[in-house]
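Report on the structure
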Amino acid sequence: MRPAVVLLSGGLDSATVLAIAKAEGFAPAALTFRYGQRHAVEIRAAERVAAAMGIADHRIADIDLRVFGGSALTSDIAVPKGNLDEAIPAGIPVTYVPARNTIMLSFALAFAEVIGAADIFVGVNAVDYSGYPDCRPDYIGAFEAMANLATKAAVEGTRLRLHTPLIDLSKADIIRRGLGLGVDYSITSTCYDPDPGGRACGHCDSCRLRLKGFAEAGLADPAEYSP
């Protein structure tokens, strides 16, 4: 089994990607970030997911992006809320964390070099998502090209591949794929603004996309929501 690094936030998408990496025959090492996010409950969710999937190597990296702020997830800016039947506004929302995927993928790249992995999995999606610029195929291609110029492993002949198995899937298709692989979505956490007990708000963009996906898949979301 080849080693691989999987970015694991504890949310629906990353749990699905972890299951896909295992199904494809990789031995995944999971990497989670405590970056000062207001939805830190997702870290506990990542620990649950890693344990449920039997991941022996799960590391949590501490980086404080609150130093910069600039996002509703890392500063005191309010998280936008809406109703499920309302369209999510176009454009890049205030929940975008500046350069987050670039920072996290750079850590994953270093981790991959250390453990001898040539494969990194990340759950970015360019269909049912909030409009983040670092979830697009062009960005992923550019990062992979950079990674193969910037690492000792690549220079010595080990080409790194960045896997994005969800990038062209709807949220409903992601859920179907995950359920087919045995993912337990009840232990995941997707909400940007959970209550003190860790229950999802049901109204942020992330909750709305998740609820829409389950509805389109003809299923009830097993997550716990605030009344």
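If you check an unreviewed UniProt entry, the protein appears there as 7-cyano-7-deazaguanine synthase from Paramagnetospirillum caucaseum. Annotation of the protein in UniProt includes, under Pathway (unreviewed entry), the sentence "Purine metabolism; 7-cyano-7-deazaguanine biosynthesis."

Digging into the sheet that holds strand β5 (residues 161-163)
The strand order across the open sheet built from 5 strands is β3-β2-β1-β4-β5, with neighbouring strands paired in parallel fashion. Looking along the sheet, the strands with just one partner apiece sit at the ends: β3 (58-62) and β5. Between one strand axis and the next, the sheet turns through 25 degrees on average, direction left out of account. Examined bridge by bridge, strand β1 (residues 2-7) and strand β4 (residues 119-121) share 2 bridges and lie parallel to one another. Looking at β4, one finds that Val 6 is bridged to Phe 121. Against the sheet, helix α1 (residues 12-23) engages β1, β2 (26-34) and β4, with an angle of about 160 degrees to β2.

Digging into the pattern of salt bridges
Enumeration according to the criterion identifies 13 salt bridges in this entry. Across the pair Arg 38 and Asp 193 runs a salt bridge, and its minimum N-O distance is 3.6 Å. In this pair, Arg 38 is assigned in the loop between β2 and α2 (41-52) and Asp 193 in the loop between α6 (171-180) and α7 (205-216), connecting sequence segments 155 residues apart. For Arg 38, a relative accessible area of 33% gives the class partly exposed. Asp 193 sits in the partly exposed class, given a relative accessible area of 24%. Here Asp 57 makes a salt bridge to Arg 59, at a shortest N to O gap of 2.9 Å. Several salt bridges share partner residues, and in doing so they unite Arg 38, Lys 81 and Asp 193 into one network.

Let's talk about the side chain of Arg 100
Inspection of the secondary structure puts Arg 100 in helix α3 (residues 100-115). At 2.7 Å, the side chain of Arg 100 and the side chain of Tyr 35 are in polar contact. If we skip the residues at most four places from it in the chain, Arg 100 touches Tyr 35, Leu 73, Tyr 132 and Asp 134.

Calculation notes
- Residues numbered from 1 in each chain as written.
- Predicted model: local features only at pLDDT ≥ 70, side-chain atom pairs only at ≥ 80, totals over all residues.
- Heavy atoms only, no water.
- UniProt positions renumbered as here; feature names shortened; annotations may be inferred.
- Pairing = 2+ DSSP bridges.
- Helix = DSSP H or I, 4+ residues; strand = E, 2+ residues; numbered from the N terminus.
- Axes fitted to C-alpha atoms, helices over the stretch in contact; angles between N-to-C directions.
- Contact = heavy atoms within 4.5 Å.
- Salt bridge = Lys/Arg side-chain N within 4 Å of Asp/Glu carboxyl O.
- Buried < 20%, exposed > 50% of the residue type's maximum accessible area, 1.4 Å probe, protein only.
- Polar contact = N/O pair within 3.5 Å; in protein donor to acceptor, adjacent residues only side chain to side chain.

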